[in-house]
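Here is how the chains run, residue by residue.
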Number of protein chains: 2
Amino acid sequence: MNAAEFRKRGKEMVDYVADYMEGVHKRQVYPGVEPGYLRPLIPDSAPQEPETFEDIIKDVEKIIMPGVTHWHSPYFFAYFPTASSYPAMLADILSGAIGCIGFSWIASPACTELETVMLDWLGKMINLPEAFLAGKDGEGGGVIQGSASEATLVTLLAARTKVIRELQAKCPGLTKAAIMDKLVAYASDQSHSSVERAGLIGGVKLKMLPTDDKFSLRGSALQKVLDEDKAAGLIPFFMVATLGTTSCCSFDNLLELGPICNKENIWMHIDAAYAGSSFICPEFRHLLNGVEFADSYNFNPHKWLLVNFDCSTMWVKKRADLIGAFKLDPLYLQHQNQDSGLVTDYRHWQIPLGRRFRSLKMWFVFRMYGVKGLQAYIRKHVKLSHEFESLVHKDPRFEICAEVVLGLVCFRMKGSNELNEALLEKINKSKKIHLVPCHLRDKFVLRFAICSRTVESVHIQHAWQHITELATELLKKENEQKMNQ
Amino acid sequence: MNAAEFRKRGKEMVDYVADYMEGVHKRQVYPGVEPGYLRPLIPDSAPQEPETFEDIIKDVEKIIMPGVTHWHSPYFFAYFPTASSYPAMLADILSGAIGCIGFSWIASPACTELETVMLDWLGKMINLPEAFLAGKDGEGGGVIQGSASEATLVTLLAARTKVIRELQAKCPGLTKAAIMDKLVAYASDQSHSSVERAGLIGGVKLKMLPTDDKFSLRGSALQKVLDEDKAAGLIPFFMVATLGTTSCCSFDNLLELGPICNKENIWMHIDAAYAGSSFICPEFRHLLNGVEFADSYNFNPHKWLLVNFDCSTMWVKKRADLIGAFKLDPLYLQHQNQDSGLVTDYRHWQIPLGRRFRSLKMWFVFRMYGVKGLQAYIRKHVKLSHEFESLVHKDPRFEICAEVVLGLVCFRMKGSNELNEALLEKINKSKKIHLVPCHLRDKFVLRFAICSRTVESVHIQHAWQHITELATELLKKENEQKMNQ
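Residues numbered from 1 in each chain as written. Chains lettered and ligands numbered in written order. Predicted model: local features only at pLDDT ≥ 70, side-chain atom pairs only at ≥ 80, totals over all residues. Heavy atoms only, no water.

Even after reading the chapter, I still don't get the sheet that holds strand 3 (residues 205–209) of chain A, so can you show me in this structure?
Through backbone hydrogen bonds, the strands of a sheet pair up, either in parallel or in antiparallel fashion. Residue and element names in this part refer to chain A. Strands sit in the order 1-7-6-5-4-2-3 across an open sheet of seven strands; the sheet is mixed. The sheet is open, and its two edges are formed by strand 1 (141–145) and strand 3, each paired on a single side. Between one strand axis and the next, the sheet turns through 20° on average, direction left out of account. Both strand 6 (residues 296–299) and strand 7 (residues 312–316) contribute to a ladder of four bridges, which runs antiparallel. Each bridged residue has a counterpart across the sheet, and for Asn298 the counterpart in strand 7 is Met314. Its contacts with the sheet place helix 9 (residues 254–264) against strand 4 (235–242) and strand 5 (267–271), and it is angled at close to 155° to strand 5. (Pairing = 2+ DSSP bridges. Helix = DSSP H or I, 4+ residues; strand = E, 2+ residues; numbered from the N terminus. Axes fitted to C-alpha atoms, helices over the stretch in contact; angles between N-to-C directions. Contact = heavy atoms within 4.5 Å.)

Right, here's the structure in full:
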């Protein structure tokens, strides 16, 4: 395919994408295919001779689309939102063409420098303390990671290196293994599974601490376990506080946890993967109070800030702590400017070596929406979740299971877990909307997350009507069964 | 921006991209900007009100392009190639629009299933042993990682978990920390820096073993250190063999290393990041002989197989070993089909949770080029590197420093390292072509890698002429200095 054909096919693809986005509400949100559906539909091996674009694009509709879960359908209420916007898609096309691998400053200075400045822009949008910004000569700064999982892992590893070096400096005889055996990290019992995984990968103990009745980790719970662990000879070194948990969007208490971590020399990392985007609105910024105590902070604009996946933004107060943990400098990656202080080599900030030019997406989205446009988008979602909440409140058969703060509503039918499991099964079998469940303590709970960029009140109303109809059917059937017993 | 405007702007962007690709040879391959160039060119913070697309696209040419290192220029001979093709770009546009986050089968069955089948296609293209393929009921299979660094890390962690479990099953009293203290992994002294980093992250010893005069790790070198380490009470568990090292594209001796690893119960991982793509050509496939001894195999189609970054393909013989190392299953990620055997949940195969629909790029590229088209592309690059090699051979002032097997030529001026450092500085200061250096033992060496999709004989000839002119200037200046002394 030459440039001339790309011009033609690229424009056809743009139209295909626009058609897809405009019509996604008409597609079945949740696919009906069975496991293994795809393999019989395509050949066993790659063709020897070239095929045409027409052949392929036909197969997209025939083979791919029937197996797609449509995350951008306004009837998709599962997991958390994943961002999608036209400006981000345009930026991604450009990023693909430039196709630089920005592991060091010199591998493409624009790729590195735009990222640093965009992280400063975004830091200012959420009013992060100055210490987290790179500015012209700051000690902190931001980076784009692929996912919050990587941000948690990278900061845990940096904290691990830091504490090992500190202890070895004090007691030169101590081995790394002897120290690692005693290291212990903490998170709330509501934290994301990726936190537990980071502990597993890092080879350190990770304790999940109990939360209060609002599913929030409190200072007292942390202090209690710290006292016990220190008495037992363990070395506390890392804590993940979550803002906006995956199960129910609860918030750990930074103002209590932060001072304890600072006093005890524990690296505090904040995972605000979902909730973080909302902090661009002044009325939600208070949820981030206490970030000043943290060593690192992360959230995902690729969830709720209209920057297509992947774009997980992470800031640290002391970039030297990160870089020190990972720096290895073979000659083929060295360059003249690398020690000038002005230069950032992002390969030292992350797990992979290579990296795409992802900050273009932030630049396009921030400029084409403006801060006001992004705030309006967040507010629309929060308003819709409260609309759904009030519908649930009005139906005495249902209950709300956790405070609705942002765009997630946790609800269930009053009654047994089995009843709610049956309801969810009915919902996902009918495939008109898509939800996933969670456990809150011993309760099986349905999560209704406002996800799509194009979701409006009408979709919320339809979804609720559909849910209540299925609930009615379910209760009717249950009653009939009881009558027959 | 609505769909109608996206149609307009998307088509403009397609033209911008086509213009960029068609004109990239006219741009200065290596930017002239100084560190910190970008920040003064853009505002301090994000705009409150939306800006127009016209404003932004103007700034791309004004602010971004002067700071871009043009990896797809035919005058770019640095690092290794990074893939760029129109079919991959088209697929990426589609992938961005579908925008699913394929962490589990149900999160988008097409995303998972196409990936599994594409990895089978590619495995067959390079004639991987059956055990690495998923097929309908295989125990192995492939996955797309973001980078070779992640593939190495993931396999090291899986091997670590496996050996810890085995030892704890034998001796229930052994702690994880006590075992980790004794674990030792191996790689050649030519292996990529990401291998050392994987050891660092995994918290295990990693030894770089000496290579022979062809920079190849041999069985005898491994056996020697194994004997010593076992005698010292260490536990060897993991080895990375490299096919196509970054410095000089040398090949570790799989046929010697493999049987030793198998006998000693050491997980053998093969990193063929760059060289792997060439194995689709029958005449290069012998370089992969011995893969049958490996537990995992990885290479980067995003380097040399025309699939834009990121797409690092990895296969394992026993998927259970990988999954077992990482599996955590919170309720919000569980689904009905997950234990059916037919279903793959790729989140257990990788570090991040989220993942893009990257297999679309493979599908588009394999079908639109056909295997024959891809083979022709590899062969063109290898032919060009031999053309460059013969130019070097003809000039008595220069020498070749390592066997030219694929698309990389390591060369230098006969003489001191300082002389060659001065030559490289001249080359990169004149900014007409771009190279990076490496060390081979104590020698400072220039790497000439065939990179761009559009590079042809004429560019090689120009590059060589330019290099020899600079060399002549340099030698002249040196002679003048000697005369003046």
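Any chance you could explain the pairing of strand 1 of chain A here in plain terms?
Residues and elements named next belong to chain A. The element strand 1 is largely enclosed, with a buried count of five among its five residues. Here strand 1 shows two buried faces, one formed by Gly141, Val143 and Gln145 and the other by Gly142 and Ile144. As defined by bridge partners, strand 1 adjoins strand 7 across five bridges and the pair is classed as antiparallel. Within strand 7, the residue paired with Gly141 across the bridge is Val316. (Buried < 20%, exposed > 50% of the residue type's maximum accessible area, 1.4 Å probe, protein only.)

What is the right way to read the UniProt feature "modified residue: N6-(pyridoxal phosphate)lysine" (unreviewed entry) in chain A from this model?
Summarizing the sequence annotation, UniProt attributes the feature "modified residue: N6-(pyridoxal phosphate)lysine" (unreviewed entry) to A:Lys303 in the numbering used throughout. Dropping the residues within four chain positions of it, A:Lys303 is found in contact with A:Phe80, A:Pro81, A:Thr82, A:Ala83, A:Ala273 and A:Tyr274. (UniProt positions renumbered as here; feature names shortened; annotations may be inferred.)

How do you make sense of the sheet that holds strand 2 (residues 183–188) of chain B when you look at a structure like this?
All names here are of chain B. On the basis of which strands lie adjacent, the open sheet formed by seven strands has the order 1-7-6-5-4-2-3 and mixed pairing. Lying at the two open borders of the sheet, with one neighbouring strand each, are strand 1 (141–145) and strand 3 (205–209). With direction set aside, neighbouring strand axes in the sheet form an average angle of 20°. Examined bridge by bridge, strand 2 and strand 3 share five bridges and lie parallel to one another. Looking at strand 3, one finds that Ser188 is bridged to Leu209. The sheet contacts of helix 4 (residues 109–125) involve strand 1, strand 6 (296–299) and strand 7 (312–316), and relative to strand 7 the element is tilted by about 85°.

Looking at this structure, how should I read the relation of the copies chain A and chain B?
Each of the two chain copies can be brought onto the other by rotation about an axis and movement along it. Take chain A, turn it by 180°, move it 0.0 Å along the axis, and it overlays chain B with an RMSD of 0.0 Å. In short, the pair behaves as if placed about a two-fold rotation axis. Minimal C-alpha separation from the rotation axis in chain A is found for A:Lys11, amounting to 2.6 Å. Taken together, the interface assignments show that 100% of the residues at the interface of chain A recur at the interface of chain B, consistent with an identical surface on both copies. (Least-squares fit on C-alpha atoms with pLDDT ≥ 70 in both.)

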